[in-house]
Amino acid sequence: MSASDNTAAIRTEGLVCGYGEDVILRDVNVSIPKSRITCVLGGSGCGKSTLLRTLLGLEAPLAGSIEFSGKKLAQSTETELAALRRRVGVLFQGAALFNSLTLWENVAFPLLELTGTDEDLARETARMKLSLVGLGAFLEHLPSEVSGGMRKRCGIARALVRDPEVLFLDEPGAGLDPVTSAALDHMILDIKERLGTTVVVVTHELLSIRALADHAIMLGGGGVLAQGALSVVEASNAAGVHAFFSRQAHAEPERGGGLAELLCNE
Amino acid sequence: MKVGKGSGKNPRGAVIVCGMEVGTTCTHTAEGQWTLVPCAQDLAEGPSGSSLASAVPEEARGLVEVSLGAEIKLAAISVAVLRLTVDRLTKRGLKVRIRAANAEQRRLIKLFGAEPEATLESPRPRGLERLLQGVHEIKNAAIECAWLLSRTLGQSVVHTLRPRARDDQRLLGEVAAMGMGAVPLIALIASMLGMILALQAAPILRMWGQELRVADLVGLSMTKEIGPLLTAILLAGRSGSALAAELGTMKLNDEIDAMTVMGVDPIATLVTPRMRAMLLALPLLTLMGDVLGICGGLVIASVVLDVAVIQYIHQTLQEVHLADIMHGLVKSALFAMVIVTTAAWQGLSTKGGAAGIGRHTTRSVVYSILWIIVVDATYTWIETVINLR
């Protein structure tokens, strides 16, 4: 997909991401297609979460621009930005549920806070979304009373509660067993199929990537190594891409010197 | 640790007691070579209070061979002890070599004893740069606090003028948690302080035959100064710390970010209700503290100084004016702003895990008390200057 494609839900141009003076990613020109699942890939510490936080407006870009459905974020007013945020749903790495609220209150939170929805209606909507992720029977449970996988699913239900156009999922399978992780992948595919939502999944888990990705953005070396259909990215010659997909470790050169040189009976 | 100096008869030089090696030894061979034989315990833990290198006498020159006994099983810490020993001996101008007894010892020395990588050091500012950074941080903190205060006060006005059932519900909950919970504590401390004030003043007042003046002293002290200050400091420790810890935990759990990306304003949802509750609860608690402090003074006046209850009340009403009470209440409203702003600022800037929550919560209380005193002093100074003109 080219950067000028008008079917892009999100597009960045010359984006530089980082924290203060620390630049993590440079010259990021990516395009996230509508109603598809895009996986943002890369090794640990390559800047996946930083890119996600910048796209969400939680960190200001150090340079470059982000376009959301053709509208540049930098040119948006605070009200427009708030309106744009209402069109996205996010699952954070640790689910980020409000620990003092029950699962249904967590899911209904945006409705109750932003729209002034009647509590009964909000509860019913929350129940529907929790049923969608298989948690219809756990409305009154606190986050501390359910498993890690269930918290993640509740986080997805909360992200979906206002029918977002774009759903961001930060490491949805992290810390989950393979079966639960696969069930979560299946659920994400189901959401895309049934709701037509654009899904952006930040992950480094190969099984999830192969199960989910329509489109992939491979990060590494402080920038974008490759992007496009998963098969295209996998076939890329860029350094680091092959190693990532074939799970090859970088061989550390053996360090010499030190005490070994003082051994007299070698 | 025993240090032995041999003449080459016992090149291994180990001190053996009942068939067991008990200490590190260093011997001088006829060939002019020094042999350091570390015992297993010294290699595992390092000799207590000194290094293995100190076993090599000061007069040693030339080559020192560290000879490892076959019975010694090396671990990472043993190799670290060896490395430090080699470094210290090299600094003394000695040449060092290591004689391993078996392949396993050689393998471990190669594995852990390789030349260390250069440590990546985070750039730490020094001198003027550090000073400028400090000034910059203070400026940023002042801007952030001013922004938080203006935002929460503005939102408090909006929420009061355009009430929403959910906000009012939250406000009542906060007032109950913040205010009602603090009632017994403030009641006890304020009444005791009233008594203490009266007791301290009693001997002097009796000496001058001015027993009735105890009502002036307790009444004015409590309403103008002690009541607002005491209540504010107690609430800074009780409710301010709770708010800072709650916000800090939410920040570390990404809950604040989750709210932001939902389009829910965390300040309006989490801080403004606390500001409104504190602005309501603190003056009310101060008023209660004033009354109970005066009552405490009344008990002492009547029991110790034989002042009639009606006389004490009459004197209090005559000397404590509405303006004095109002000054106290205005102060307590200012203190409420200080407590919530400081707690929110510290809570929302929390970083560094569980220890960070503790650190920022403590700072929230310390800074709140500091600023309460500064605001109190400034207010009293302005009030006094105006009154004197």
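Criteria and cut-off values
- For every chain, the first residue of its written sequence is number 1, and the numbers climb from 1 along that sequence.
- Numbering of ligands from 1 and lettering of chains from A proceed in the order in which they are written.
- Per-residue local features of the predicted model are confined to residues with pLDDT of at least 70, and side-chain atom pairs are confined, for both listing and counting, to 80 or more; whole-chain, interface and lining totals are unaffected and use all residues.
- Just so you know, side-chain values use all the structure's heavy atoms and leave hydrogens and water out.
- Pairs of strands are assigned from DSSP output, requiring at least two bridges between the strands.
- Secondary structure counts use DSSP, requiring at least four H or I residues in a row for a helix and at least two E residues in a row for a strand, with both numbered from the N terminus.
- Relative accessible area decides the class of each residue, using a 1.4 Å probe on protein chains only: under 20% of the type maximum gives buried, over 50% gives exposed, and in between gives partly exposed.
- For the purposes of these results, a polar contact is taken to be a pair of N or O atoms within 3.5 Å, where, inside protein, one atom must be able to donate a hydrogen and its partner to accept one; residues adjacent in sequence count only when each atom of the pair is a side-chain atom.
- Should any heavy atoms of two residues lie within 4.5 Å, those residues are considered in contact.
- Buried area: the accessible area, evaluated with a 1.4 Å probe, that two parts lose upon being put together, summed over both parts.
- Salt-bridge detection follows one rule: a side-chain nitrogen of Lys or Arg within 4 Å of a carboxyl oxygen of Asp or Glu.
- Charged residues are taken to be Asp, Glu, Lys and Arg, nonpolar residues to be Ala, Val, Leu, Ile, Met, Phe, Trp, Tyr, Cys and Pro, and polar residues to be all remaining types, Gly included.
- Axes here refer to lines fitted to C-alpha atoms; in helices the fit is confined to the stretch in contact. Angles between the N-to-C directions go from 0 to 180 degrees.
- Sulfur atoms of two cysteines make up a disulfide when they are within 2.5 Å.
- Under this scheme an angle from 65 to 115 degrees is roughly perpendicular, one under 35 degrees roughly parallel, and one over 145 degrees roughly antiparallel; angles in between are oblique.
- Take the far helix as the reference: if the near one is turned anticlockwise from it by less than a right angle, the crossing is left-handed, and if turned clockwise, right-handed.
- Every helix has an expected span of 1.5 Å times one less than the residues it contains.
- Summarising the geometry, the arc corresponds to the directions from the helix axis toward the C-beta atoms.

Chemist: I'm lost on the pairing of strand S3 (residues 25-28) of chain B in this one. Help?
Modeler: Bridge count between S3 of chain B and strand S4 (residues 34-37) of chain B: 4 bridges; the pairing is antiparallel. When the bridges of S4 of chain B are listed, Thr 27 of chain B appears paired with Thr 35 of chain B.

Chemist: Help me understand the side chain of Asp 42 of chain B in this model?
Modeler: Residues and elements named next belong to chain B. Looking at where Asp 42 falls in the secondary structure, it is placed in helix H1 (residues 40-45). Look at Asp 42 and you get buried, because its relative accessible area is 10%. Polar contacts involving the side chain of Asp 42 include one to the side chain of Thr 24, which spans 2.6 Å.

Chemist: How should I be thinking about the interface of chain A and chain B in this particular structure?
Modeler: Accessible area lost when the parts come together is the quantity often used to give the size of an interface. Contact with chain A, which involves 30 residues of that partner, is made by 34 residues of chain B. For the pair chain A and chain B, the two sides together bury roughly 2,900 Å², of which 59% comes from carbon and sulfur. Here chain A is connected to chain B by 2 salt bridges. Between Arg 53 of chain A and Asp 257 of chain B there is a salt bridge, with its nearest N and O atoms 2.8 Å apart. At the junction of chain A with chain B, the criterion picks out 6 residue pairs in polar contact (both at pLDDT 80 or more). For the side of chain A that touches chain B, the leading source of residues is helix H3 (residues 103-115) of chain A, giving 5 residues. When the residues that make up the side of chain A that touches chain B are grouped by side-chain class, the tally is 17 nonpolar, 5 polar and 8 charged.

Chemist: Sorry, what's going on with the pattern of salt bridges here?
Modeler: Where charged atoms from two side chains of opposite charge come close, those side chains can pair. Residues and elements named next belong to chain B. Inspection of every chain in the model, using the stated rule, returns 27 salt bridges over all chains. Taking the shortest distance from any N to any O, the salt bridge between Lys 224 and Glu 383 comes out at 3.8 Å. Pair noted here: Lys 224 is in helix H7 (residues 214-252) and Glu 383 is in helix H12 (residues 353-388), with a separation of 159 residues, a long-range link. Of the residues examined, Glu 383 reaches a relative accessible area of 9% and is grouped as buried.

Chemist: Explain the sheet that holds S4 of chain B to me, please; I cannot follow it from the model alone.
Modeler: Pairing between sheet strands relies on hydrogen bonds along the backbone, with the strands arranged either parallel or antiparallel. Residues and elements named next belong to chain B. If you walk across this open sheet you meet the 4 strands as S3-S4-S5-S6, and the pairing is mixed. At either margin of the open sheet sits one strand with a lone partner, and together these are S3 and strand S6 (95-99). When strand polarity is set aside, the average angle formed by the axes of neighbouring strands in this sheet is 20°.

Chemist: Honestly, the state of the cysteines in this entry has me stumped. Any pointers?
Modeler: Linking two cysteines covalently through their sulfur atoms gives a disulfide. Using the criterion set out here, one finds 0 disulfides over all chains in the structure. With no disulfide of its own, Cys 39 of chain B has Cys 26 of chain B as its nearest cysteine by sulfur position, at a separation of 13 Å.

Chemist: Sorry if this is basic, but what is going on with the packing of helix H5 (residues 148-160) of chain A against helix H6 (residues 178-195) of chain A here?
Modeler: Between two packed helices, the angle of one axis relative to the other and the distance separating the axes together describe the packing. Residue and element names in this part refer to chain A. Axis separation between H5 and H6 bottoms out at 11 Å; the angle between their running directions is 15°. Accordingly, the angle class assigned to the pair H5 and H6 is roughly parallel. With respect to the hand of their crossing, H5 and H6 are arranged in right-handed fashion. Contacts between H5 and H6 involve Gly 149, Lys 152, Arg 153, Ile 156 and Leu 160 from the former and Thr 180, Leu 184, Met 187, Ile 191 and Leu 195 from the latter. Tallied by class, the residues present in the contact of H5 with H6 amount to 6 nonpolar, 2 polar and 2 charged.

Chemist: Looking at this structure, I do not really get helix H4 (residues 119-132) of chain A. What am I missing?
Modeler: The periodicity of an α-helix, 3.6 residues per turn, causes residues three or four positions apart to be oriented the same way. All names here are of chain A. Compared with the 20 Å implied by 1.5 Å per residue over 14 residues, the 20 Å span of H4 between its first and last C-alpha is a close match. Within H4 the residues assigned to the buried category are Ala 122, Thr 125, Ala 126, Lys 129 and Leu 130. All buried residues of H4 project into a common sector of 135° when viewed along the axis, lining one side. Facing away from the buried side of H4 by over 90 degrees, the exposed positions are Asp 120 and Leu 121.

Chemist: Got a minute to help me understand the environment of Thr 286 of chain B in this structure?
Modeler: Residue and element names in this part refer to chain B. Counting through the fold element by element, Thr 286 comes out in helix H9 (residues 266-303). When the C-alpha positions of Thr 286 and Leu 230 are compared, they lie 8.3 Å apart, and in sequence the two are 56 residues distant. The residues contacting Thr 286, other than those within four sequence positions of it, are Gly 227, Pro 228, Thr 231, Leu 329 and Ser 332.

Limitation: the analysis is restricted to geometry and does not speak to function.
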